[in-house]
Amino acid sequence: MMSGSRWYNNPLRLACHPVTVTIAFISDLHLTPDRPVSTRLFEDFIADAGHFLNQLYILGDLFEYWIGDDGAELLGHESVEAAIRKTVENGTEVFFLHGNRDFLVGKFFAERTGCVLLPDPVVIEPDQTRILLTHGDALCTDDVEHQEARREMLSSKWKMAFLRKTLDQRYQTAGTLRQQSEKSKQSKSMEIMDVNQQAVEALMQDHDADIMIHGHTHNPAAHEFTLDGKLKRRFVLGDWYTQKSAIFYNDGKLVLRR
Ligand code: MN
């Protein structure tokens, strides 16, 4: 379905290029005006991406937090939106999947930027490889507190109540939630906040996936394991606090760079 149909359907490009799709996956940029270096890294990356990427998948936590599509200006994210828009106009398809920080990104953001919102999880199939994409926090099943908060905040009741507040109220509430989250993270071990291997395996089995790509844990790595007698791979993206982190797909190969 999402295997670069525009590219394949373009006979002119097919005539002069081999049929390969170049895809990049990124996550956990946590963009906020408080950390301008990350915004600069992203804007450089995405400006460059238009020259060689057919598709860019953003796997959540692009933003440090999001208080509704009408709050982009207040949070100072207009330049980020414009940068995505420009890349889309230059011919790169951009897909966005929610993280636990920016789960309120909605259709107006998608309209303004030209990106396509995806559900979490989703499977893409470039060249017969089934790649499962997810932000990753749903896999951290040992972190019971996070899972409870996640369930509540992803409910339409919570989202509607939040979005009914004024922008100022939402800004205040987001600040309080971030403080609470930082505080509770300090008392948790890395093991509890990492993904649970059984949850990984169950999700890959459910979706018959060969490869999983996710972010959230900020522990960039490529893991290999055997499941039902088959080799499976799980790639983890890193954050963009001080450097770029991306996974590139081309010609059946995946490479993690950071
Ligand atoms: Mn996250």
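Residues numbered from 1 in each chain as written. Predicted model: local features only at pLDDT ≥ 70, side-chain atom pairs only at ≥ 80, totals over all residues. Heavy atoms only, no water.

**Q** What should I look at first to understand the sheet that holds strand E10 (residues 246-250) in this one?
**A** Each strand in a sheet pairs with its neighbour through backbone hydrogen bonds, running either in the same direction (parallel) or in the opposite one (antiparallel). Across the sheet, six strands lie side by side as E4-E3-E2-E1-E10-E11; this open sheet has mixed pairing. Each edge of the sheet is formed by a strand with only one pairing partner; in this case those strands are strand E4 (116-118) and strand E11 (253-257). Between one strand axis and the next, the sheet turns through 20° on average, direction left out of account. Examined bridge by bridge, E10 and E11 share five bridges and lie antiparallel to one another. (Pairing = 2+ DSSP bridges. Helix = DSSP H or I, 4+ residues; strand = E, 2+ residues; numbered from the N terminus. Axes fitted to C-alpha atoms, helices over the stretch in contact; angles between N-to-C directions.)

**Q** In this structure, what is going on with the environment of histidine 146? I would like to understand it.
**A** Positionally, histidine 146 belongs in helix H6 (residues 144-153). Each C-alpha atom of the pair histidine 146 and methionine 193 lies 8.9 Å from the other, and the pair is 47 residues apart in sequence.

**Q** Help me understand the sheet that holds strand E5 (residues 122-124) in this model?
**A** The strand order across the open sheet built from five strands is E5-E6-E7-E9-E8, with neighbouring strands paired in mixed fashion. Looking along the sheet, the strands with just one partner apiece sit at the ends: E5 and strand E8 (221-227). The sheet shows a mean angle of 25° between the axes of neighbouring strands, taken without regard to direction. Alignment of E5 against strand E6 (residues 131-134), held across three bridges, turns out to be antiparallel. Looking at E6, one finds that valine 122 is bridged to leucine 133.

**Q** I'm lost on the nonpolar core in this one. Help?
**A** Inside soluble globular proteins, nonpolar side chains tend to come together where they are buried. Formed by 37 residues in total, the largest nonpolar core has its most connected members in Ile26, Phe42, Leu56, Leu62 and Ile84. At the level of secondary structure, the elements contributing two or more residues to this core comprise strand E1 (22-26), helix H3 (36-52), strand E2 (55-58), helix H4 (78-89), strand E3 (93-97), helix H5 (107-113), helix H7 (156-163) and E10. With five residues, the top contributor of residues to this core is H3. Ranked by size, the runner-up nonpolar core spans 19 residues in total, among them Tyr57, Ile124, Ile213 and Phe235. (Core = buried A, V, L, I, M, F, W, Y, C linked by side-chain atoms within 4.5 Å. Buried < 20%, exposed > 50% of the residue type's maximum accessible area, 1.4 Å probe, protein only.)

**Q** Sorry, what's going on with the packing of aromatic side chains here?
**A** Note on aromatic pairs: each is described by the distance of the centres and the angle between the planes. Tallied over the full model, the rule gives 11 aromatic pairs. Ring plane angle 45° and centroid distance 6.4 Å describe the contact between phenylalanine 45 and phenylalanine 248, whose orientation is recorded as tilted. You can see phenylalanine 45 sitting in helix H3 and its partner phenylalanine 248 sitting in strand E10, a full 203 residues away along the chain. Per residue, the accessibility class of phenylalanine 45 equals that of phenylalanine 248, and both read buried. Grouping aromatic residues by their ring pairs yields a cluster made of Phe45, Phe52, Trp240 and Phe248. (Phe/Tyr/Trp six-rings, centres within 6.5 Å; stacked < 30°, edge-to-face > 60°.)

**Q** Help me out: how do you make sense of the pattern of salt bridges in this one?
**A** In a structure, side chains of opposite charge can pair up when their charged atoms sit close to one another. Inspection of the entire model under this criterion finds 12 salt bridges. For aspartate 70, the salt bridge identified is with arginine 170, shortest N-O distance 2.8 Å. Linking aspartate 70 in the loop between E2 and H4 with arginine 170 in helix H8 (residues 167-186), this pair joins segments that are 100 residues apart in sequence. The salt bridge partner of lysine 188 is glutamate 145, with a shortest N-O separation of 3.2 Å. Of this pair, lysine 188 sits in the loop between H8 and helix H9 (190-193) while glutamate 145 is found in helix H6, placing the two residues 43 residues apart along the sequence. The exposure class of glutamate 145 is partly exposed, given its relative accessible area of 44%. (Salt bridge = Lys/Arg side-chain N within 4 Å of Asp/Glu carboxyl O.)

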